[in-house]
Amino acid sequence: MRTARCSDTIWLPYGRNRRFASAGIAAALLCLSLGGCIPFATPHLLDSDSRGDVTTATQQRLEVGKTTRVDVLLALGAPDGRAADDDWFTYGSARTSEVGGFLFLLVDGIGVEHVNTHVSRLLVKFDSNGIVSSVELQQSECSGFMAAHGCLDLKGKEL
Amino acid sequence: MLLLQVALAGCVTTTSGGKPDLLAFLEREPVDKFEVLAHLGEPNEAFEVDRVLTYRLTSDRGSLSVRRNDKTKGWEGVSYDLVLVFDANGSLQRHNLVAVRP
């Protein structure tokens with residue numbers, strides 16, 4: 001789920017990149033062939049389950065062999081994911097863009113969209129003394145029709 | 001119906017009932033864990049055998065309120081993550097207000 005404002009919407013053909021524009025043009029052509037339709041495209045918006053962008057700057061705030069688990073909590077807040085024994089924390093962020101169209105029907109309409117999501121996840125591991133033993137910034141791109149699939153899990157469920 | 005859908009797109013629900021001085025008690029040392037629980041209620045999360053407590057706070061026109069656990073909402077609407085660190089006797093040692101979605 002994402003929070004978007006009307007002011008975040010940009011109208012085709014202004015895309016962020018080539019693939020973005022191509023998908024927008026395809027959506028526009030589909031709309032034209034079907035009649036009443038409003039094509040739309042949104043920039044990469046921060047997902048609602050993300051507290052903020054996780055970047056290399058976030059990674060650099062933690063020092064292997066020195067930063068403690070409490071220091072990490074004080075600096076970054078509660079993690080998005082944690083091991084049962086707090087052996088590791090994850091902090092994640094996701095930004096999603098959408099390209100599609102809203103098709104008018106007789107009394108209502110339906111939206112069709114292609115979703116592209118960029119996920120960043122910081123995996124922080126601790127040793128038995130609660131000191132940071134490794135910090136890894138993991139990133140992935142995922143996409144799909146109506147919803148992105150195969151995204152890196154912010155909570156680290158697969159860990 | 002379509003016009004209504006368009007008009008409602010992008011709306012965000014806000015909450016009221018916060019206090020501008022919600023965290024003022026943290027500056028009156030010493031502060032113990034019971035005082036924190038009395039002021040803020042149950043924490044959103046606890047770490048290090050309850051030595052570290054965290055609270056998700058929402059800010060609305062300068063007033064802060066604690067947002068209770070709701071796993072469906074993620075960080076949406078949260079302004080700060082308050083981190084409180086206590087010593088072995090339950091006295092507050094350190095705290096930090098981490099900005100969310102700055």
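About the criteria used
Residues numbered from 1 in each chain as written. Chains lettered and ligands numbered in written order. Predicted model: local features only at pLDDT ≥ 70, side-chain atom pairs only at ≥ 80, totals over all residues. Heavy atoms only, no water. Contact = heavy atoms within 4.5 Å. Buried area = accessible area lost by both parts, 1.4 Å probe. Salt bridge = Lys/Arg side-chain N within 4 Å of Asp/Glu carboxyl O. Polar contact = N/O pair within 3.5 Å; in protein donor to acceptor, adjacent residues only side chain to side chain. Helix = DSSP H or I, 4+ residues; strand = E, 2+ residues; numbered from the N terminus. Nonpolar A, V, L, I, M, F, W, Y, C, P; charged D, E, K, R; others polar. Phe/Tyr/Trp six-rings, centres within 6.5 Å; stacked < 30°, edge-to-face > 60°. Buried < 20%, exposed > 50% of the residue type's maximum accessible area, 1.4 Å probe, protein only.

Focus on the interface of chain B and chain A
Each partner contributes to the interface: chain B provides 27 residues, whereas chain A provides 29 residues. Here chain B and chain A share an interface that buries about 2200 Å² over both sides, 57% of which is from carbon and sulfur atoms. Salt-bridge contacts for R51 of chain A lead to D81 of chain B; the nearest nitrogen and oxygen are separated by 3.9 Å. In this structure, the connection of chain B to chain A is made through 12 residue pairs in polar contact (both at pLDDT 80 or more). Of all the secondary structure elements, the ones that give two or more residues to the side of chain B that touches chain A are α1 (2-8), β1 (45-47), β2 (52-60), β4 (80-86) and β5 (92-99) of chain B. Grouping the amino acids of the side of chain B that touches chain A by side-chain chemistry returns 13 nonpolar, six polar and eight charged.

Brief notes about the packing of aromatic side chains
All told, the structure shown has two aromatic pairs over all chains when counted by the stated rule. Pairing F89 of chain A with F126 of chain A gives two aromatic rings, centres 5.0 Å apart and planes at 75°, and the pair type is edge-to-face. Separated by 37 residues along the polypeptide, F89 of chain A in strand β3 (residues 88-104) and F126 of chain A in strand β4 (residues 109-126) bring together distant segments of the chain. Overall, F89 of chain A belongs to the buried group, its relative accessible area being 0%. Residue classification places F126 of chain A among the buried positions, given a relative accessible area of 4%. Here the aromatic rings of F89 of chain A and F47 of chain B are separated by 5.6 Å at their centres, their planes lie at 70°, and the arrangement is edge-to-face.

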